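# Coordinates in review
As a plain string of letters, each chain reads:
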Amino acid sequence: MRAMTVTTGKADSAAVGEVGEPPATDGSVLVEGLLTGICGTDVELVSGAFGSGRPGSDKLVIGHESLGRVLEAPDGSGFSPGDLVAGVVRRPDPEPCPACARGEWDFCRNGRYTERGIKEMDGYGAERWRVDPYFAAPVPQQLGHLGVLVEPASILAKAWEQVDRVASRSWFGPEHVLVTGAGPIGLLAALIATQRGYAVHVLDRVKDGPKPELVQALGGTYLTDLADLTVTPDVVIEATGSGQVVFDCASLLGPAGVMCLTGISPGPATIDVQLDALTRQLVVRNAALVGTVNAAKRHYADAVDILQAADKSWLERLITRTVPLSDWPGALVREPDDIKVVVDLQA
């Protein structure tokens, strides 16, 4: 069968090639891979920046944003042939650590977790893959191909859960949310903020195209200059990974405000900041900064609810390019106004 592969640690090794059938050890549910999303993590994997294959192999099948159709499932698994599923990315470490033992593998304490398509486990970017029923998230048939957004939406479901948990230390009635970065993660963060009834403001450097249109369709305010923000944000969801943006937005947080960092910069950058002044602002305002990555099983279910409640035509506009599997390496070259690249694993 065909699959999307890289040689870990080797730059520009992305290829589509023949690989063996998924091993039974990956899980008892056999799935026909339909779609997989491409994101910044995949770009870094192709660059050789990180990633590791199964023990003893430097080849890795990538693709962690998945949508598939069940081909075979054992009795009692909760799945039947024809069901749509998305695969959970992270697996708990085998010991397990205290966090992994409680189903919070996204907070693994010792780093010995594995991740499909990223760390020591092949991903979902293949014509067929297997998954343990516990790590398969049901996708309603009515979502159809939009189910490929379940994994990225799970990241934001967790981010908002973290905001709520931090904010619960005090009375908190947020009104204004600032989202920095209008890529898929930022736009999904804005979607959830809108569903919660907050006033949404989105900052991005792109001045036209689908990004401002998608924000405006949510009823949000689109900004290309932070100086144009006329409100004090109660919550900031940061999706650029830019140190300067983080610093500038953290200094704007209102009393008891929460800033959730979801982005990572692709390269090191040095900026000069007045850290003492920022620290003073955070302390006297009781503001908090928290980082988040990955998601637990419950966040996938939350993501399905989020997508189910969204305007499907709006979600359709997030996916601006669907390419066949054979064109996958070229899919990493994005147009300036692309929002989401999706690979058709059966084309």
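Every value quoted in this text rests on a predicted model; they were computed, and no experiment measured them.

What counts, and where the lines are drawn
- Residues numbered from 1 in each chain as written.
- Predicted model: local features only at pLDDT ≥ 70, side-chain atom pairs only at ≥ 80, totals over all residues.
- Heavy atoms only, no water.
- Salt bridge = Lys/Arg side-chain N within 4 Å of Asp/Glu carboxyl O.
- Helix = DSSP H or I, 4+ residues; strand = E, 2+ residues; numbered from the N terminus.
- Buried < 20%, exposed > 50% of the residue type's maximum accessible area, 1.4 Å probe, protein only.
- Phe/Tyr/Trp six-rings, centres within 6.5 Å; stacked < 30°, edge-to-face > 60°.
- Lys NZ or Arg CZ within 6 Å of the ring centre and 35° of its normal.
- Pairing = 2+ DSSP bridges.
- Axes fitted to C-alpha atoms, helices over the stretch in contact; angles between N-to-C directions.
- Contact = heavy atoms within 4.5 Å.
- Polar contact = N/O pair within 3.5 Å; in protein donor to acceptor, adjacent residues only side chain to side chain.
- Parallel < 35°, antiparallel > 145°, perpendicular 65-115°, else oblique.
- Nonpolar A, V, L, I, M, F, W, Y, C, P; charged D, E, K, R; others polar.

## Quick word on the pattern of salt bridges
All told, the structure shown has 17 salt bridges when counted by the stated rule. E127 is paired through a salt bridge with R2; the nearest N and O atoms lie 3.5 Å apart. Of this pair, E127 sits in the loop between β9 (120-121) and β10 (128-131) while R2 sits in strand β1 (residues 2-7), and the two are 125 residues apart along the sequence. Residue classification places R2 among the partly exposed positions, given a relative accessible area of 23%. A salt bridge links D26 to R54; the shortest N-O distance between them is 2.7 Å. In this pair, D26 is assigned in the loop between β2 (15-18) and β3 (29-38) and R54 in the loop between α1 (40-47) and β4 (59-61), connecting sequence segments 28 residues apart. Salt bridges here are not isolated pairs; linked through shared partners, they connect D26, R54, R116 and D122.

## Points about the packing of aromatic side chains
Under the definition given, this model contains five aromatic pairs. Ring centres of W105 and Y134 lie 6.1 Å apart, and the angle between their planes is 75°; on these two criteria the pair is classed as edge-to-face. Of this pair, W105 sits in the loop between α2 (98-101) and β8 (114-116) while Y134 sits in the loop between β10 and β11 (136-139), and the two are 29 residues apart along the sequence. Residue classification places Y134 among the partly exposed residues on the basis of a relative accessible area of 41%. The side chain of K158 reaches across the aromatic face of F107, ending 4.2 Å from its centre. The ring of Y134 carries K297 above its face, with NZ or CZ at 3.7 Å from the centroid.

## Quick word on the sheet that holds β4
Spatially, the three strands line up as an open sheet ordered β2-β1-β4, and their pairing is antiparallel. Looking along the sheet, the strands with just one partner apiece sit at the ends: β2 and β4. Each strand of the sheet is rotated relative to its neighbour by a mean of 50°, with strand direction disregarded. Pairing geometry for β1 and β4, over three bridges, is antiparallel.

## Digging into the environment of L149
In this structure, L149 sits in the loop between β11 and α3 (150-167). Taking relative accessible area as the criterion, L149 reaches 2% and is therefore assigned buried. Along the chain, L149 and K340 lie 191 residues apart, while their C-alpha atoms are 9.6 Å from each other. Excluding anything up to four places from it in sequence, L149 contacts L307, L315 and L318.

## A few points about the environment of W129
Mapped onto the elements of the fold, W129 is located in strand β10. Relative accessible area serves as the criterion here: at 1%, W129 is assigned to the buried category. Along the sequence, W129 and V304 sit 175 residues apart, while their C-alpha atoms lie 21 Å from each other. Among all residues touching W129, those that are not within four sequence positions of it are P22, V29, L30, V31, G33, S66, L67, G68, V85, G87, R116 and Y124. Of note is the side chain of W129, whose polar atom sits 3.4 Å from the backbone oxygen of Y124.

## As for the packing of α3 against helix α8 (residues 297-309)
Between α3 and α8, the least distance of the axes is 7 Å, while the angle of their chain directions is 105°. Here α8 runs roughly perpendicular to α3, going by the angle between their axes. Residues V150, E151, A153, S154, A157, K158, E161 and R165 of α3 pack against R298, H299, Y300, D302, A303, V304, I306 and L307 of α8.

## What to know about the packing of helix α4 (residues 184-195) against α8
Helices that pack against each other are described as a pair by the angle of their axes relative to one another and the distance between those axes. Where α4 contacts α8, the two axes come as close as 11 Å, and the packing angle between them is 75°. On the basis of their axis angle, the class for α4 and α8 is roughly perpendicular. In this structure, α4 contributes L188, L191, I192 and Q195 to the contact, and α8 contributes I306, L307 and A309. In terms of residue class, the contact of α4 with α8 is made up of six nonpolar, one polar and no charged.

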